[in-house]
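Here is how the chains run, residue by residue.
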Amino acid sequence: MSSRFIMPFADVGSGIKPSSGAKLFFFEVDGVTPKNTFSDQLASPTPNANPVESDSNGVFGDIYISGKYKVTLKDKDLIQIFGGAEVEELFLASSTVTPVTAEYATTLDLISSTAVSSVGDIAGTAGYTSKGDGGGAKWKSNGVTGQTSSQSPAQLGNALLNDGNGNQWAFVGNSVNPLQLDSLQSALSSGLIVDINTQILATGLSVPQGAVIKGVKGKAKIKVAVDFTENLMNLQGAGVTITDVFFDMTGTQGVDTLGGVAISSEVDCSDITVSGCGFIGQAKRPYIALSANVVSSNINIENNDFIGPYTPFEIKAEFLGGGVRFLFDQLGNQNININNNRFSRIASNSIQARYSGGDIHTKGCFVNFSVTNNKFFDPGFSSVSGHTWIENISIDNYICTGNIMEGGGRGMSCGDVRGGVLASNTLSGLTSYGCEMGLSDGIEITGNALTDCANLVQDNGNTGDTQSKNIHIHGNTMKGGNNGTAGWNSPSSLRKISTNSNNEGYNNWTIEDNTFIDCDYNTEIIYIAGSVLTSSMDVKNNTFITNDTKLPPIQFVKYRFGSDSTCKGNKVYRFSDLTDASGISGSQAFFGYQGGASESNLKFIDNEVYFYGSDIRTSTANIDGIGQNAAAGSMPRMRIIGNTLHGNLDRPLNIIANDGDTIVKMNDDRGSTGLSFFNPSIIDIDNTKTIARSAAPVTLSWVKGDRVTNKVATVGQPTGWLCTASGSPGVWVALANL
């Protein structure tokens, strides 16, 4: 048998720009050997061409697959869109039609029958307990005799029943309403399709505490009727295991019908496992929704497929479609693992965990929460707002590693997290935050790779709350940016790492050893802010590279608040011109700061700026290396030491601090075309340099006090030269002769 092929990442007709002549290549799992797909499900199916080509609307015809494949999608010019994606058929249910030799109104009538039957006879029932109630079925005499007559259709619980003569009958077919047998496990373990019928099941299936529901891999299926709005499986207690069951919920796509949850619990959720299952078609409720009335532990959601609907639908504000949702009102729920799942075309949050017992910012609702090695592709519909792949709040010890995310929306949102690691995740094309934080303590964000995403980290927090502290962001790589919606002059939310200027109390952040390449943003790549009590916000050894003339990287790092903070060892390279296309018109600095009433002890040490493009904007504003916002307040006890500033900078250093206790020393701005500016109130300015040359300088910028030692001096010639007035090259006076 075979099943319909489901695009793993995007539907060429809607997920990406339609493309006439797009091609799907199908291979064996070795990724090399071509493998046939089919255009029908006949006994001798018709093979498709390989590759399969889309029509003029970018739509592929019928594609059925059998077994496992690797798939590659290319556009009409054979430019690869994705490659080597693993897919497999979803289920192999048959649809054998068997002739009926006897008819009964209900299953009860068959149980009480004393009619003579032979091995292989087929009995049809038109109902379960009453004719037409939706519980009809077919039964086959299996030759077992001498049995005690069943007292009810559910008595044996194994797709078998005994008639009045003691003959045994076995269920025939591939689709069954569970109340035909009153045994969901019996149906699924036999590889049957369980067909939910609301005439029989108005409230869904009750799964008792300790139940084990194990389907046949690739066969067991629960199919949902169009009008079914209740939850499918209602867990009644702890210790439930559900494996290898396929949930077909495509019947819940009605615009005005919210539909039910596939697996739901509102009691003890301890020791629950859902693995190896498939979920498809639901878009308005989560597939798995767990809440608990007691503290719960040991929940495992692993190796499942969560797939949204095939076609777009009307999005309404009340729709809560998603993958997995935890909404607990107790604190201390432990050991939750969501690992190795695949999420595709999910309209809302793919994974969500929240505390619901009052203040949403209560700490410790979840303890030891793991989200690892999941794959997230294509949120499905660009009109969906607020989509987040992973949104987890109120967690102690949070692990989020090895996940792959492609498509729009937010990547990882983690609020009120105490102790966590977000590492080695791969994100691309996210239209909002890579990682949105707030009110967290002790988070390590490392080794993540982002391509064309709006942000790496953004911490919004809540006004009036103590904000995130002890945050370590290191070893991440970010390339490109979200330039598809707002253009290059993007809103300030596109800062790559930022805190909120309206909040207070950010402390002990270290942002180091990250690489930013051609990132688009409005004013800053790294923005350190916070109304008061923000301190120890260190930015160290990061590398910023920009080659695109449209990009506006002016302030690569800006401190708006941040006492006792150090910006050290960072390197900025801009090789392209700065044009009007960047959208930046005012004066800016590559490293900027803005003083505040409570801010002090900010240090810029050993940073390097190389601006080898030109400022060709129509604006006459300045481009500075390190500088203060002209409208800023004072910045007590600043230290600007050992920085190197090269290229077409109007003011390599623009230090206008007015507090009288700033120290500026040992900075090298000789490689810059402009002159540095210092407020006269600075208590210690010493940027003088001593170098060896064969003559007094005639190029570059120099400051009063610089010295050049004559390295070829002979008797009667000057031992060197002294700069007596700053300028390009300044005024030089010869020193005493040798």
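Our subject is the structure listed above.
Rules behind the numbers
- Residues numbered from 1 in each chain as written.
- Predicted model: local features only at pLDDT ≥ 70, side-chain atom pairs only at ≥ 80, totals over all residues.
- Heavy atoms only, no water.
- Helix = DSSP H or I, 4+ residues; strand = E, 2+ residues; numbered from the N terminus.
- Buried < 20%, exposed > 50% of the residue type's maximum accessible area, 1.4 Å probe, protein only.
- Contact = heavy atoms within 4.5 Å.
- Areas by Shrake-Rupley, 256 points an atom, 1.4 Å probe, with all protein chains shown as cover.
- Phe/Tyr/Trp six-rings, centres within 6.5 Å; stacked < 30°, edge-to-face > 60°.
- Lys NZ or Arg CZ within 6 Å of the ring centre and 35° of its normal.
- Core = buried A, V, L, I, M, F, W, Y, C linked by side-chain atoms within 4.5 Å.
- Pairing = 2+ DSSP bridges.

1. Description of the overall build of the protein
On a plain count of helices and strands, the protein comes out with three helices and 64 strands. Relative to its 738 residues, the protein shows a buried fraction of 54%. Sequence-distant contacts, at least 24 apart, represent 69% of the contacts inside the protein between residues at least 6 apart. Of the accessible surface of the protein, which amounts to about 28,200 Å², a share of 49% is contributed by carbon and sulfur atoms.

2. Digging into the packing of aromatic side chains
All chains considered together, the criterion is met by 21 aromatic pairs. Between F279 and Y287 the ring centres are 5.5 Å apart and the planes differ by 45°, which places this aromatic pair in the tilted class. Taking the relative accessible area as the measure of exposure, Y287 reaches 0% and is therefore buried. When the centroid spacing of 5.6 Å and the interplanar angle of 80° are considered together, the rings of F366 and F369 count as edge-to-face. Since its relative accessible area comes to 0%, F366 is described here as buried. On the basis of relative accessible area, F369 is assigned to the buried category, the value being 0%. The structure contains a cluster of three or more aromatic residues connected by ring pairs, namely F247, F279, Y287, F306, F343, F376 and W389. Against the face of Y69 rests K35, its NZ or CZ located 4.3 Å from the ring centre. If you follow K74 out to its NZ or CZ, it ends over the ring of F25, 5.3 Å from the centre.

3. What about the nonpolar core?
When a protein is soluble and globular, its nonpolar side chains tend to lie buried together. Membership of the largest hydrophobic core comes to 100 residues, with the highest contact counts inside it found for F247 and F326. Broken down by element, the residue count for this core peaks at five residues, all from strand β32 (residues 388–401). Leave out the neighbours within four places in its chain, and F326 touches L290, I299, I301, I336, I338, Q352, A353, R354, F366 and F369.

4. Remarks on the sheet that holds strand β5 (residues 68–74)
Across the sheet, four strands lie side by side as β3-β2-β5-β6; this open sheet has antiparallel pairing. Every other strand in the sheet has two partners, leaving β3 (52–53) and β6 (80–88) as the edge strands with one partner each. When strand β2 (residues 23–27) meets β3, the two strands line up antiparallel, connected through two bridges. From the neighbouring strand, K23 faces β3, where its bridge partner is E53.

5. Digging into the environment of Y104
Relative to the helices and strands, Y104 resides in strand β7 (residues 102–104). Given a relative accessible area of 19%, Y104 falls into the buried group. In sequence terms Y104 and A126 are 22 residues apart; their C-alpha atoms lie 6.4 Å from each other. Sequence-distant contacts of Y104, that is, excluding residues within four places in its chain, are made with D109, L110, S113, A115, A123, G124, T125 and A126.

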